[in-house]
Structures are given as structure tokens and as C-alpha cells.
Amino acid sequence: MSDLLHVGCPHCKKMNRVPAQRLSDGPKCGACKGALAEGAVAELSDAEMPGYTGKSDLPVLVDFWASWCGPCKTMAPEFQSAAKSWRGQVAFAKVNTEQAQQASARFGIRSIPTLILFRNGKEIARQSGAMQASQLTAWLRTQLG
Ligand code: ZN
């Protein structure tokens with residue numbers, strides 16, 4: 001059991017290589033010393049999005065949102081809570097569609113919130129509309145199961 005996984009740091013977005021069995025062990029980022037797998041949600045820019053979703057060995061769930069969107073605000077604490085329950089298994093990230101307009105255009109985001117689940121940089125599932133943490137978890141289980 002010495003599989004090294006690429007895990008993106010939710011704080012500085014650098015890729016780290018972490019032995020799979022250490023993921024539940026509070027690993028720290030080699031660059032910024034931030035916690036790698038404690039359920040922090042990464043805020044991704046246009047520039048950070050391809051590397052963060054494409055190089056990660058963990059599936060990455062991205063929430064496309066905007067500050068003017070009421071349901072997005074309602075969902076934010078639910079998303080944060082789901083991120084904690086899935087720590088070490090799924091990386092959670094957010095893209096502000098007002099700032100990261102290239103990413104929003106590339107993925108054809110028409111309504112928000114929209115969640116896209118990536119594995120090895122490829123979209124494997126998408127869901128629009130706000131969800132509670134329990135619904136999010138059920139949906140993720142279906143997609144990853
Ligand atoms: Zn870092």
C-alpha cells in the first residue's frame with residue numbers, strides 16, 4: 001500500500017502527492033502547510049480550474065455559483081458540510097461564474113447553482129439546482145458507486 005495520490009491543496013491549489021493510506025491522517029500541503037484533506041472548499045479561478053480538476057486523483061466536485069444567486073447562498077453551508085463528510089474521498093471546489101467566465105462558458109453553465117463532478121479532468125455528472133448536504137451525499141454515492 002504505497003499508492004501516491006495527487007491531491008490538490010484547497011488553499012494554494014498546488015498539487016501534492018500523498019500516500020493513499022495517509023489521506024485520513026491530516027496531511028499538510030508541502031507548499032503552504034494548509035490542511036489537504038479536512039474538507040476545505042477550494043475557490044478556483046479560470047487559470048486554476050483545469051489543473052485542479054485534471055491532475056487530481058480524487059474526484060472533484062465543482063459548484064458553479066454567483067453572489068446574486070439566492071439558492072447558491074442557501075446551498076453554500078450544505079456544500080461545506082458535505083465537503084467535510086467526503087474529506088479524503090472527493091475534493092470540493094467552487095467557481096464564481098461572475099469572475100471565472102471562461103470556465104463557465106467552457107462548461108456551458110446556463111443556470112446556477114450547477115454542480116459538475118469531474119474524474120481525471122472529465123465531466124462524469126452534472127446537476128442543477130440547490131441541494132441539501134444529505135441530497136448531495138446521496139447524489140454523489142449514486143455517481144461514484
Ligand atoms: Zn497549499
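That block above? That's the structure.
So, a few notes on the structure that sits alongside this text. (Residues numbered from 1 in each chain as written. Predicted model: local features only at pLDDT ≥ 70, side-chain atom pairs only at ≥ 80, totals over all residues. Heavy atoms only, no water.)

**Digging into the overall build of the protein**
Logical step 1: The helix and strand inventory of the protein stands at four helices and seven strands.
Logical step 2: Each helix and strand of the protein, placed in order from N terminus to C terminus, yields the pattern β-β-β-α-β-α-β-α-β-β-α.
Logical step 3: Over its C-alpha trace the protein gives a radius of gyration of 14 Å, about what one expects of a compact globule, namely 15 Å for 145 residues.
Logical step 4: By residue count, 46% of the 145 residues in the protein fall in the buried class.
Logical step 5: Taking as baseline every contact in the protein between residues at least 6 positions apart, the subset at least 24 positions apart corresponds to 60%.
Logical step 6: With an accessible surface of roughly 7,300 Å², the protein has 48% of that area assigned to carbon and sulfur atoms.
Logical step 7: Each charge class in the protein can be summarised by its mean position, and for the 17 positive and 11 negative side chains these summaries are 3 Å apart. (Helix = DSSP H or I, 4+ residues; strand = E, 2+ residues; numbered from the N terminus. Rg over C-alpha atoms; globule rule 2.2 N^0.38 Å. Buried < 20%, exposed > 50% of the residue type's maximum accessible area, 1.4 Å probe, protein only. Contact = heavy atoms within 4.5 Å. Areas by Shrake-Rupley, 256 points an atom, 1.4 Å probe, with all protein chains shown as cover. Lys, Arg positive; Asp, Glu negative; His and termini not counted. Charge placed at Lys NZ, Arg CZ, Asp CG, Glu CD.)

**Here's the deal with the side chain of Asp46**
Logical step 1: With respect to the helices and strands, Asp46 occurs in the loop between strand E3 (42-44) and helix H1 (49-54).
Logical step 2: One buried charged residue, Asp46, remains without a salt bridge, the closest side chain of opposite sign being Arg106 at 5.3 Å.
Logical step 3: Among the polar contacts made by the side chain of Asp46, one reaches the main-chain amide nitrogen of Gln102 at a distance of 3.1 Å.
Logical step 4: When neighbours within four sequence positions are excluded, Asp46 is seen to be in contact with Gln99, Ala100, Gln101, Gln102 and Ala103. (Salt bridge = Lys/Arg side-chain N within 4 Å of Asp/Glu carboxyl O. Polar contact = N/O pair within 3.5 Å; in protein donor to acceptor, adjacent residues only side chain to side chain.)

**Comments concerning the pairing of strand E4 (residues 60-65)**
Here is the key point about a regular strand: its side chains alternate between the two faces of the sheet.
Logical step 1: Summarising burial for E4: six of the six residues are buried, a large majority.
Logical step 2: Residues Val60, Val62 and Phe64 point to one face of E4 and Leu61, Asp63 and Trp65 to the other, with burial holding for every one of them.
Logical step 3: As judged from the six bridges shared by E4 and strand E5 (residues 91-96), these two strands associate in the parallel manner. Bridge assignment links Trp65 to a residue of E5, and that residue is Asn96.
Logical step 4: Bridge count for E4 against strand E6 (residues 114-119) is five bridges, and the pairing is antiparallel. (Pairing = 2+ DSSP bridges.)

**Points about the coordination of the zinc ion**
Logical step 1: Protein coordination of the zinc ion is provided by Cys9 (SG), Cys12 (SG), Cys29 (SG) and Cys32 (SG), with donor distances spanning 2.3 Å.
Logical step 2: Around the zinc ion sit four donor atoms, and with donor-metal-donor angles ranging over 104 to 114° the site reads as tetrahedral.
Logical step 3: All donors to the zinc ion come from one chain, and their sequence spacing reads C-x2-C-x16-C-x2-C. Taken together, the residues span a long stretch of sequence, with Cys9 in the loop between strand E1 (4-8) and strand E2 (15-19) and Cys32 in the loop between E2 and E3 at a distance of 23 residues. (Donors = N, O, S within 2.8 Å, 3.2 Å for Na, K, Ca; no water. Tetrahedral: all angles 85-135°; square planar, octahedral: opposite > 155°, others 65-115°.)

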